[in-house]
Amino acid sequence: MTRLVTARLDLTEIGESDFADLCALTGHPDVGGKLKHGVLTAEETRSQLDGYRATWSERGYGVFAMRRRDSGAFVGIVGLWDHDAGIGVAMRYAVMPEHRGQGFTKEAAKIILDFAAEKNIHPVMAVTRESNLASRRILVDLGFSLCEVRETGDRSIAIYQMTSGSPR
């Protein structure tokens with residue numbers, strides 16, 4: 001089981017014990033509503049978790065559950081996945097509303113980028129809704145560069161790239 005630790009966070013390879021917390025995250029309208037697939041049901045979240053687990057098994061990387069080291073509280077998810085739009089390996093993150101604005105996303109993303117570098121995964125991409133200004137600011141602050149804005153039917157997505165050696 002892969003585990004990464006930061007000053008305030010414990011990141012563990014997402015697993016079955018994280019299912020209830022993942023359901024709360026993906027079912028929350030202020031979280032799921034900003035993600036590619038929108039708010040998910042428990043059944044849809046089960047499928048997502050199975051996909052995350054398969055990526056770990058097949059690729060040796062994937063999504064982590066983020067928990068506060070001081071309390072064990074579930075903060076959200078962060079990690080790498082094979083983006084289904086043919087974009088490549090992309091960083092994914094989502095944080096529960098009560099943990100936003102505290103720097104957890106950047107803290108976790110930095111260690112994920114270090115993890116990707118150690119695994120020789122590059123480039124790392126990131127995709128967010130064009131309208132998600134908070135996420136876009138985080139990506140720029142991390143050193144990602146905007147590559148493209150793409151129309152996907154009902155929304156525009158912004159595609160970013162981090163190349164090895166980019167500043168963080």
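Let me begin by describing the structure that accompanies this report.

Comments concerning the pattern of salt bridges
(1) Moving on: For the structure on display, the rule yields 11 salt bridges.
(2) Moving on: Where Arg46 meets Glu16, a salt bridge forms, and the shortest distance between an N and an O atom there is 2.8 Å. Of the two residues, Arg46 sits in helix H2 (residues 42-59) while Glu16 sits in the loop between strand E2 (9-13) and helix H1 (19-27), which places them 30 residues apart along the sequence.
(3) Moving on: The exposure class assigned to Arg46 is partly exposed, which follows from its relative accessible area of 26%.
(4) Moving on: We classify Glu16 as exposed; its relative accessible area is 52%.
(5) Moving on: Between Arg46 and Asp50 there is a salt bridge; the shortest N-O distance is 3.9 Å.

Considerations on the side chain of Thr105
(1) Moving on: The topology assignment puts Thr105 in helix H3 (residues 104-118).
(2) Moving on: Look at Thr105 and you get buried, because its relative accessible area is 12%.

Considerations on helix H4 (residues 133-142)
(1) Moving on: Within H4, the full set of buried residues consists of Ser135, Arg136, Ile138, Leu139 and Leu142. The buried residues of H4 occupy an angular sector of 160° when the element is viewed end-on, so they sit on one face. Turned more than 90 degrees away from the buried face of H4 sit Leu133 and Arg137, all of them exposed.
(2) Moving on: Where H4 is buried, its residues touch strand E5 (88-95), H3, strand E6 (124-129), strand E7 (145-151) and strand E8 (156-162).
(3) Moving on: Looking one or two residues past H4, Gly143 carries a phi angle of roughly 105°, positive in sign.

Some remarks on H1
Think of an α-helix as turning once every 3.6 residues; residues three or four places apart then point the same way.
(1) Moving on: All buried positions along H1 are accounted for by Phe19, Leu22, Cys23, Leu25 and Thr26. The buried residues of H1 occupy one face: seen down the axis, they fall within an arc of 165°.
(2) Moving on: If you follow the buried residues of H1, they end up packed against H2, strand E4 (74-83) and E5.

A closer look at the packing of aromatic side chains
(1) Moving on: This structure, assessed with the given rule, holds 3 aromatic pairs.
(2) Moving on: Considering the side-chain rings of Trp56 and Phe64, the 5.1 Å spacing of their centres and the 90° angle between planes classify their relative orientation as edge-to-face.
(3) Moving on: For Trp56, a relative accessible area of 6% gives the class buried.
(4) Moving on: Using a relative accessible area of 0% as the deciding quantity, one classes Phe64 as buried.
(5) Moving on: Taken together, the aromatic side chains of Trp56, Phe64 and Phe115 make up a single cluster linked through ring pairs.

Parameters and conventions
Residues numbered from 1 in each chain as written. Predicted model: local features only at pLDDT ≥ 70, side-chain atom pairs only at ≥ 80, totals over all residues. Heavy atoms only, no water. Salt bridge = Lys/Arg side-chain N within 4 Å of Asp/Glu carboxyl O. Helix = DSSP H or I, 4+ residues; strand = E, 2+ residues; numbered from the N terminus. Buried < 20%, exposed > 50% of the residue type's maximum accessible area, 1.4 Å probe, protein only. Arc of directions from axis to C-beta. Contact = heavy atoms within 4.5 Å. Phe/Tyr/Trp six-rings, centres within 6.5 Å; stacked < 30°, edge-to-face > 60°.

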